[in-house]
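Structural overview for review
Next come the chains, spelled out residue by residue.
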Amino acid sequence: MAKHGGLRRVEIALMILLGVILGGTVGYMAIEGWDFLDALYMTVITIATVGFDEVHALSVPGRIFTLLLIAGGVLSAAYAFGRLVEFMIEGYITDIWGGRSMQKKITQLRDHYIVCGFGRVGEQVAREFSRNKAPFVVLDNNSEVKRYLDNEGVLYIQGDAADEDVLKKAGIEKAKGLVSVVDSDADNVYVTLTARALRPDLFIIARANLESAAYKLKRAGANRVISPYSLGGRRIASMVLKPVVSDFLDTVMHGEELEFQLSELLIDSASSLKDMTVRDADIRRKSGAMVLSIYRKNGTFTNDLHGDTKIEEGDRLIVIGTREQLDKLESMTTTA
């Protein structure tokens, strides 16, 4: 990660000042024959212009050297002090201006996602959101994470994700979903409880490190609970038993080189497909996309689709098709 320009200038100024001090010390040792401590002490009081008495009587060459040291030392010290003050003021103003600008962008978000925690799992979630161009904001307490996200251009809020005020700043009232992947299970429970209290209808996914925490997270209000270890184990087993199928699903879900993609589409009150049968909707002919399954409001899947299968409000269509076909189908589901 590249250094801040102001910090780099401060480092250069301090290096110049240190060089002058070192040069003065060596100069007094060489010209006057003093030991290191006396030479260093004389150099520092000369540069600082504090007016203390000389350590030893100076020779003529020593006095000439002192005059040069005063000029170079005062200039270098003033330069270092100026760069330091500039860095502090610049950083303060940048933090205020940047914070206000960041909050303004977050306030303008609609139907976005809130990612609580930016560890290894949270970072991967953020990458997937970025790849799919889904709006999101990250909540994390770590100042190092703040600097990294700032450089990456990611919207973030530094704060406790279990704090109501922080969640409100993240726009939880207008959010589409929340992902809680904080390091500890206890923290994920607190985040889920707080988010559910603020938004009873919000879709919440939480991470559980231990299987025993899954039940608590569901009781706290999580719609889905994911265990990275359990999920990883099933994924490995699937790759061993059905490697081709696993590779195909990976490509369809996450790849960009395959033309076809899997997606889900909500049937809302404005959809022209609401209350129609699969036969009457004729989705394949009108859009080119294929409906694989229907996820019902009661949490069940209807996989055995036939002509008389009814599409109802609140259903989610699991479909496969090209991006163009999926966009066309989406326009059908949102146009009355």
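To start, this report covers the structure provided alongside it. (Residues numbered from 1 in each chain as written. Predicted model: local features only at pLDDT ≥ 70, side-chain atom pairs only at ≥ 80, totals over all residues. Heavy atoms only, no water.)

Once that is clear, we can look at the sheet that holds strand 7 (residues 260–266). With antiparallel pairing, the four strands of this open sheet are ordered in space as 7-12-9-10. With one partner strand each, in any of the chains shown, strand 7 and strand 10 (301–302) form the two edges of the open sheet. Note that strand 9 (residues 290–295) and strand 10 share two bridges and pair antiparallel. Bridge pairing in strand 10 links Tyr295 to Phe301. The strands touched by helix 13 (residues 323–333) within the sheet are strand 7 and strand 12 (316–322), with strand 12 carrying the most contacts at an inclination of about 145 degrees. (Pairing = 2+ DSSP bridges. Helix = DSSP H or I, 4+ residues; strand = E, 2+ residues; numbered from the N terminus. Contact = heavy atoms within 4.5 Å. Axes fitted to C-alpha atoms, helices over the stretch in contact; angles between N-to-C directions.)

Where strand 4 (residues 177–180) lies against strand 5 (residues 203–207), four bridges are found, and the strand directions are parallel. Paired with Ser180 across the bridge in strand 5 is Ala206. One crossover worth recording links strand 4 to the parallel strand 5 by way of helix 7 (residues 185–198), and it is right-handed. As paired strands, strand 5 and strand 6 (residues 224–226) are joined by three bridges and run parallel to one another. Bridge pairing links Ala206 to Val225 in strand 6. A crossover links strand 5 with its parallel partner strand 6, the connecting element being helix 8 (residues 211–220), and its sense is right-handed. (Right-handed = clockwise from strand over helix to strand, strands pointing away.)

In this section: the packing of aromatic side chains. What the rule picks out here adds up to five aromatic pairs. Arranged with centres 5.2 Å apart and planes meeting at 15 degrees, the rings of Tyr28 and Trp34 form a pair that is stacked. Take Tyr28 and Trp34: they sit in the same class, and that class is buried. Look at Phe129 and Phe136: their rings are 5.7 Å apart centre to centre, the planes differ by 45 degrees, and that puts the pair in the tilted class. Neither Phe129 nor Phe136 differs from the other in exposure class; each is buried. Every member of this aromatic cluster is reached through a ring pair, and the members are Tyr28, Trp34 and Phe65. (Phe/Tyr/Trp six-rings, centres within 6.5 Å; stacked < 30°, edge-to-face > 60°. Buried < 20%, exposed > 50% of the residue type's maximum accessible area, 1.4 Å probe, protein only.)

On the surface, Asp160, Asp163, Glu164, Asp165, Asp183 and Asp187 cluster together into a negatively charged patch. Its place among the elements puts Asp187 in helix 7. (Patch = residues over 30% accessible without salt bridge, like charges linked within 9 Å, V, L, I, M, F, W, Y side chains within 5 Å. Areas by Shrake-Rupley, 256 points an atom, 1.4 Å probe, with all protein chains shown as cover. Salt bridge = Lys/Arg side-chain N within 4 Å of Asp/Glu carboxyl O. Lys, Arg positive; Asp, Glu negative; His and termini not counted. Charge placed at Lys NZ, Arg CZ, Asp CG, Glu CD.)

Note that Thr46 resides in helix 2 (residues 36–48). Of the residues examined, Thr46 reaches a relative accessible area of 7% and is grouped as buried. Within polar-contact distance, the side chain of Thr46 engages the backbone oxygen of Met42 at 2.6 Å. Setting aside chain neighbours within four positions, we find Thr46 in contact with Tyr28, Thr66, Leu69 and Ile70. (Polar contact = N/O pair within 3.5 Å; in protein donor to acceptor, adjacent residues only side chain to side chain.)

The next point concerns the environment of Phe136. Mapped onto the elements of the fold, Phe136 is located in strand 2 (residues 136–140). The exposure class assigned to Phe136 is buried, which follows from its relative accessible area of 9%. Along the primary structure Phe136 and Tyr215 are separated by 79 residues, whereas in three dimensions their C-alpha atoms are 27 Å apart. Ignoring any residue separated from it by four or fewer positions in sequence, one finds Phe136 in contact with His112, Tyr113, Val115, Ala126, Phe129, Ser130, Val154 and Leu155.

A few words on the packing of helix 7 against helix 8. For the pair helix 7 and helix 8, the least separation of the axes is 8 Å and the interaxial angle reads 15 degrees. By the angle between their axes, helix 7 is roughly parallel relative to helix 8. Our pair here, helix 7 against helix 8, has a crossing hand that is right-handed. Between helix 7 and helix 8, the residues in contact are Asp185, Asn188, Val189, Thr192, Leu193 and Arg196 and Ala213, Lys216, Leu217 and Ala220, respectively. Its residues assigned to classes, the contact of helix 7 with helix 8 shows five nonpolar, two polar and three charged. (Parallel < 35°, antiparallel > 145°, perpendicular 65-115°, else oblique. Left-handed = near helix turned anticlockwise from the far one by under 90°. Nonpolar A, V, L, I, M, F, W, Y, C, P; charged D, E, K, R; others polar.)

Bringing the nonpolar core into the picture now. Counting 43 residues, the largest nonpolar core has Ile114, Cys116, Val137, Val138, Leu139 and Leu178 as its most contacted members. If we skip the residues at most four places from it in the chain, Val138 touches Val115, Phe118, Leu149, Val154, Leu155, Tyr156 and Ile157. Ranked by size, the runner-up nonpolar core spans 13 residues in total, among them Leu265, Ile267, Leu273 and Ile311. (Core = buried A, V, L, I, M, F, W, Y, C linked by side-chain atoms within 4.5 Å.)

Below, the discussion takes up the pattern of salt bridges. If you walk through the whole model with that rule in mind, you get seven salt bridges. Glu123 is the salt-bridge partner of Arg127, the closest N and O atoms lying 3.0 Å from each other. You can see Arg127 and its partner Glu123 sitting in helix 4 (residues 120–131), four residues apart, about one turn around the helix. The class for Glu123 is partly exposed, based on a relative accessible area of 22%. Taking the shortest distance from any N to any O, the salt bridge between Arg296 and Asp315 comes out at 2.5 Å. Remark: Asp315 occurs in the loop between strand 11 (310–311) and strand 12 and Arg296 occurs in the loop between strand 9 and strand 10; sequence separation between them is 19 residues. The burial state of Arg296 is the same as that of Asp315; both residues are buried.

Nothing here speaks to function; it is all geometry.
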